[in-house]
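Observations on the model geometry
Listed below are the residues making up each chain.
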Amino acid sequence: LKPAFYRGGAAVGKLRRDSNARVRAHAALRESAECKSTRSSSGPPARRMAMLRDAPDCVTAAEELESALAGDAGSDAPLMATSKARRAPKAFPWDRRLVLGLATGLAAAALLSAVALRSGGGRATTSSALMRAHAVIQADAVPAARPQYWQEDDRQDSEQQNETIEYRPQPAEALGHDGRPPSPEVAAAEVAAWQLLHPGGDLTPVSDTLLAGGAGAGAVDVADAFAANSTALLASHDETLCSGVGESCLTSKCCKEDGMQCFTKDLYWGQCLETCIPGPNVLDQASSAPWECKTLGDRAPGDPKKCAADGADCRADKCCKSGGMQCFEKDENWGVCRPQCTAGPDLFESTPGQWSCKPIGPRSPGAAPWVASKCAQPGSDCRAAGCCAAPGTQCYKQTDFWAQCLPDCKPGQKANEWDKEWSCDAIGSRTPSRADSPPPSAGKVGAWVEDTCSDEGQNCRTSQCCREVGAQCYTKNEFWASCRVGCDTAPDVNDGNKSWSCNTMGPKSWGLAVKDWPSLFCFSLFMPSSYEMGLMQMQLGKDAGIFGCDGHEVFAAEDATVGTSKDGKVIKIVLIPKIAVGVSQDGTAGNAKLFMAVWDKVIAGGRFRNYDWTLKVDPDAVLLPWRMRSHMVGHTGSKVYVVNCNKFPGSPNFPMMYGAVEVFSQSAMIQYALNSWKCGQQLPWGTWGEDYYMTHCMDFIGVGRIGDFGILGDNMCTGANCADGYVASFHAFKQPNDWAKCWDIAVR
């Protein structure tokens, strides 16, 4: 309630400068014959209200008093320190001052309630003026009937400074603080209550604004001015008024939290911090203006609160050391600091388990929104900016002429022999994560996700997670939920026009990125009775090639088993029909029809939906999955396929996609699944090779293309150099020894 008592300084200032105003108001009341008898009448306030109303010249005064006394003061009903701020008839100009005097006494009682609310009840030492105001209320007496009370103020104050009283807490809403600007009378009464506690407070700077401004804007204007003038006085009265976290400490010059120090940003702001580094403060959510970091007052005694480090159990500390983090509870036995948390299973974890995601304690301050644009970008000189845009980096000095944002720095380090050594002097502060960072949309998931989470068409109420990229478990009703990319509560034509509640359960799926992200689904078509079986078995033994992808599959026209993977899975062939292969228009294999059958099997299996990228890889191609991810990461989520060869730049057929390694995004695969029939019926593919067919089909059905000639080094295109650390695959190596040699060179 403290801010409410700040309001209305001007009214009290005006009233205090006229020291006899209250006496004259009560004298005017006594001079009114109609009101004299009612003033001296006994009985509870409600009865006196009725008597005042019966006297014609006192009607307005009665209404004002009734507004200020919203209820019988003799009962348990709380007194309301409110007023309609209506003016009295001209015949009685003292009415406004009467209400001011009455409201001042009532607000003094309101102060007692505020103290009680702050402390929880008990006893408090206060001035005799407040004691008398409280006594007036408890005795069911109207202050206006006791003008001698005001005349004896000074004498009784000096006699009863240290007396104590019992008080009864009043509910906050009973005091009229409903969020609306107070009337001048109420604002004046509130400030008067504080002035009774602190006689001598200087209200001159805010003298006339309130009464001149009326009942709305004036009271609010004075609130700010009086707050600036009175905070120090109040702080000296109550040590609990030292500044808390996030509050200005310019006036209080002290901090509530142990071990904290008040530091200044400029003339207009100061804040309690553990430490302060001059320059831009990346945690300052208000602006990028630099901090001067001058100290005000003494550091609060004690040690600063210790908060939990990343990965540690944070339930006891109830706070996080790293910026932008929140302590979330998993269950009664574990909690950890994280930027975000979604109730349900955590796809990051190595083992399945449900999180309650109950927040514990406050979120630690994170990097302000302006940091991303105002601070130095990676690779640039950060001396002038004094801060870094990238989370987790710090501006480190190399020389007097260069500094750069780095995750860490070791004095004396240098990237090359000819470089100058780094001094590693820190400039500014390290940039934490953004406090409003969105939840992560991708990343490596636990191996359990593939076995535990649900596919489309399965009930996901128990698993609360999905395999398909971008899918979410949505509820239909209390018995059924399913993994869908989107959900609409309108009647579903594909579900008998039934409606879904569409409540989410668990996190949104990132797909089966069990080895890394973005996820890759790789497959090969081969002939088990040829040399290709040896190539596939060698790759399986090394966990290399397609077996290094997050998901893999092998197709053949004859049944066989390739072997057992390192994680214990038996690799069996997926059978396809036997289809004769002719000669294409360019002299290569006319295998479009054969691979159309393979692609139909891929679509029917549906596994491509669970991965960001689908790769068709020839058995004699050496694939390095981690390099392929680095090439594709910037295009993940787009509806594209990759053209990988530009052997003849002037040809209308180039660049094109060579078939040794073909790369399609998940969205491109979904588009092909929906429209491949158009390619089969409307394109003249009869003499085409498979890669030529897929290139033209993707263009035909509206899939975008990107050119990346680094995903494949092909001897059929521009050559294959296995020592090239940029290229993600090499072709062709038809003998197991040759394949292994290229692999060893590439990974060396």
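Higher on the page you've got the structure.
I will try to describe carefully the structure that is included in this document. (Residues numbered from 1 in each chain as written. Predicted model: local features only at pLDDT ≥ 70, side-chain atom pairs only at ≥ 80, totals over all residues. Heavy atoms only, no water.)

Glancing now at the side chain of Ser665. Relative to the helices and strands, Ser665 is located in strand S27 (residues 661–665). When sequence neighbours within four positions are dropped, the list of residues in contact with Ser665 reads Asp612, Trp613, Ser638, Lys639 and Val640. (Helix = DSSP H or I, 4+ residues; strand = E, 2+ residues; numbered from the N terminus. Contact = heavy atoms within 4.5 Å.)

Of the pockets and cavities examined, the largest pocket occupies roughly 1,600 Å³. Those elements that provide at least two residues to the lining of the largest pocket are strand S3 (261–266) and strand S4 (269–273). Sort the elements by how many residues they give to the lining of the largest pocket and S4 lands first, with four residues. Of the residues contributing to the lining of the largest pocket, the split by class is 20 nonpolar, eleven polar and twelve charged. (1 Å grid on protein atoms, 1.4 Å probe; cavity = no way out; pocket = protein on both sides within 12 Å on 5 of 7 lines; lining within 4 Å. Points joined across faces, edges and corners; volume = space filled by probe spheres on them. Nonpolar A, V, L, I, M, F, W, Y, C, P; charged D, E, K, R; others polar.)

Further remarks concern the state of the cysteines. If you walk through the whole model with that rule in mind, you get 20 disulfides. Across a sulfur-sulfur distance of 2.2 Å, Cys320 and Cys337 are joined as a disulfide pair. Handedness here is read from the sign of the S-S torsion; for Cys320 and Cys337, about -95°, the answer is left-handed. Note that Cys320 is positioned in the loop between strand S5 (295–296) and strand S6 (326–331) and Cys337 in strand S7 (residues 334–338), a separation of 17 residues in sequence. The two residues Cys320 and Cys337 agree in class, both being buried. Here Cys382 connects covalently by a disulfide to Cys395, the sulfurs 2.0 Å from one another. An S-S torsion of about 85° defines the bridge between Cys382 and Cys395 as right-handed. (Disulfide = S-S within 2.5 Å. Buried < 20%, exposed > 50% of the residue type's maximum accessible area, 1.4 Å probe, protein only.)

Here is a general trend for soluble globular proteins: nonpolar side chains tend to be buried in one another's company. Counting 77 residues, the largest nonpolar core has Val554, Trp599, Leu615, Met628, Val663, Phe664 and Tyr693 as the members making the most contacts within it. Among the elements that make up this core, the one with the highest residue count is helix H17 (residues 592–605) (seven residues). Sequence-distant contacts of Met628, defined by excluding residues within four places in its chain, comprise Leu520, Leu615, Leu623, Val661, Val663, Ile711 and Ala728. One finds Leu624, Cys722, Cys742 and Trp743 within the second-largest nonpolar core, a separate group that totals 14 residues. (Core = buried A, V, L, I, M, F, W, Y, C linked by side-chain atoms within 4.5 Å.)

When two helices pack together, their arrangement is given by the angle between their axes and by how far apart the axes lie. Contact geometry for helix H16 (residues 532–542) and helix H21 (residues 736–747): axes closest at 9 Å, N-to-C directions at 35°. With respect to the hand of their crossing, H16 and H21 are arranged in right-handed fashion. Judged by residue contacts, Gly534, Leu535, Met538, Gln539 and Lys542 of H16 engage Pro736, Trp739, Ala740, Trp743 and Asp744 from H21. Looking at the contact of H16 with H21 residue by residue, the class counts come to six nonpolar, two polar and two charged. (Axes fitted to C-alpha atoms, helices over the stretch in contact; angles between N-to-C directions. Left-handed = near helix turned anticlockwise from the far one by under 90°.)

Let us look at the sheet that holds strand S10 (residues 358–360). An order of S7-S6-S10 is seen for the three strands of this open sheet, with the pairing classed as antiparallel. Looking along the sheet, the strands with just one partner apiece sit at the ends: S7 and S10. Direction aside, neighbouring strands of the sheet carry axes that sit 40° apart on average. Bridge count between S6 and S10: three bridges; the pairing is antiparallel. Bridge assignment links Cys327 to a residue of S10, and that residue is Ile360. (Pairing = 2+ DSSP bridges.)

As a further point, take the pattern of salt bridges. According to the stated counting rule, one finds 20 salt bridges in the structure shown. Measuring nitrogen to oxygen at the nearest pair gives 3.9 Å for the salt bridge that ties Arg609 to Glu468. Residue Arg609 is located in the loop between H17 and strand S24 (613–617), and its partner Glu468 is located in the loop between helix H15 (448–452) and strand S14 (472–475); the two are separated by 141 residues in the primary sequence. Assessed through its relative accessible area of 9%, Glu468 is described here as buried. We note a salt bridge from Asp492 to Arg484, for which the minimum N-O separation is 3.1 Å. Accessibility expressed as a relative area gives 21% for Arg484, which makes it partly exposed. Shared partners join several salt bridges into a network, and the residues in it are Lys616, Asp618, Glu662 and Glu690. (Salt bridge = Lys/Arg side-chain N within 4 Å of Asp/Glu carboxyl O.)

What follows is about unusual backbone geometry. Where the residue is not glycine, phi is negative for most of them; where a peptide bond is considered, it is trans in most cases. For the peptide bond that leads from Trp517 to Pro518, omega is 0°, which places it in the cis range. Topologically, Pro518 is positioned in the loop between strand S16 (504–505) and strand S17 (520–525). A cis amide bond, omega 5°, links His731 with the succeeding residue Ala732. The residue Ala732 is located in the loop between strand S30 (729–731) and H21 in this model. Its identity is not glycine, yet Gln464 carries a phi of approximately 55°, on the positive side. Its location among the elements puts Gln464 in the loop between H15 and S14. On the basis of relative accessible area, Gln464 is assigned to the buried category, the value being 17%. Residue Asp543 is not a glycine yet carries a positive backbone phi of 55°. Its location among the elements puts Asp543 in the loop between H16 and strand S18 (551–556). When its relative accessible area of 30% is taken as the criterion, Asp543 is described as partly exposed.

Here the focus is the pairing of S6. Where burial is concerned, most of S6 is hidden: five out of the six residues are buried. In this structure, the hairpin formed by S6 and S7 is closed by a connection of two residues.

The end-to-end C-alpha distance of H17, which contains 14 residues, comes to 20 Å, matching closely the 20 Å that a straight helix rising 1.5 Å per residue would cover. Taken as a whole, H17 has its buried residues at Ala592, Leu594, Phe595, Met596, Ala597, Val598, Trp599 and Val602. (Expected span 1.5 Å × (residues − 1).)

What follows is about helix H18 (residues 625–632). With respect to burial, H18 is a largely interior element, six of its eight residues being buried. Buried residues of H18: Pro625, Arg627, Met628, Arg629, His631 and Met632, and no others.

All right, on to the sheet that holds S16 then. Taken together, the three strands give an open sheet; going across it, the order is S15-S14-S16, and neighbouring strands pair in antiparallel fashion. One side of each edge strand has no neighbouring strand; the edge strands of this open sheet are strand S15 (481–484) and S16. The pairing of S14 with S15 spans four bridges and is classified as antiparallel. The residue bridging Cys473 from the neighbouring strand is Cys483, located in S15.

Within this structure, the stated rule accounts for twelve aromatic pairs. Their ring planes at 85° and their centres at 5.5 Å tell us that Phe523 and Phe555 sit as a pair that is edge-to-face. With a gap of 32 residues between them, Phe523 in strand S17 and Phe555 in strand S18 connect regions that are remote in the sequence. Here Phe523 matches Phe555 in class, with each residue buried. Ring geometry for Tyr641 versus Phe664: centroids 6.5 Å apart, planes at 25°, classification stacked. In this pair, Tyr641 is assigned in strand S26 (residues 640–643) and Phe664 in strand S27, connecting sequence segments 23 residues apart. Comparing Tyr641 with Phe664, the two get one shared label, buried. Over the ring of Trp355 we find Arg338; its NZ or CZ atom is 4.5 Å from the centre of that ring. The side chain of Arg484 reaches across the aromatic face of Trp500, ending 4.2 Å from its centre. (Phe/Tyr/Trp six-rings, centres within 6.5 Å; stacked < 30°, edge-to-face > 60°. Lys NZ or Arg CZ within 6 Å of the ring centre and 35° of its normal.)

Moving on, we come to the packing of helix H19 (residues 666–682) against helix H20 (residues 690–700). Packing of H19 against H20 leaves a shortest axis separation of 9 Å and a crossing angle of 105°. With respect to their mutual orientation, H19 and H20 come out roughly perpendicular. Along its contact with H19, which presents Ala668, Tyr672, Ser676, Lys678, Cys679, Gly680 and Gln682, the element H20 presents Tyr693, Met694, Cys697, Met698 and Phe700. Residues that form the contact of H19 with H20 fall into these classes: eight nonpolar, three polar and one charged. (Parallel < 35°, antiparallel > 145°, perpendicular 65-115°, else oblique.)

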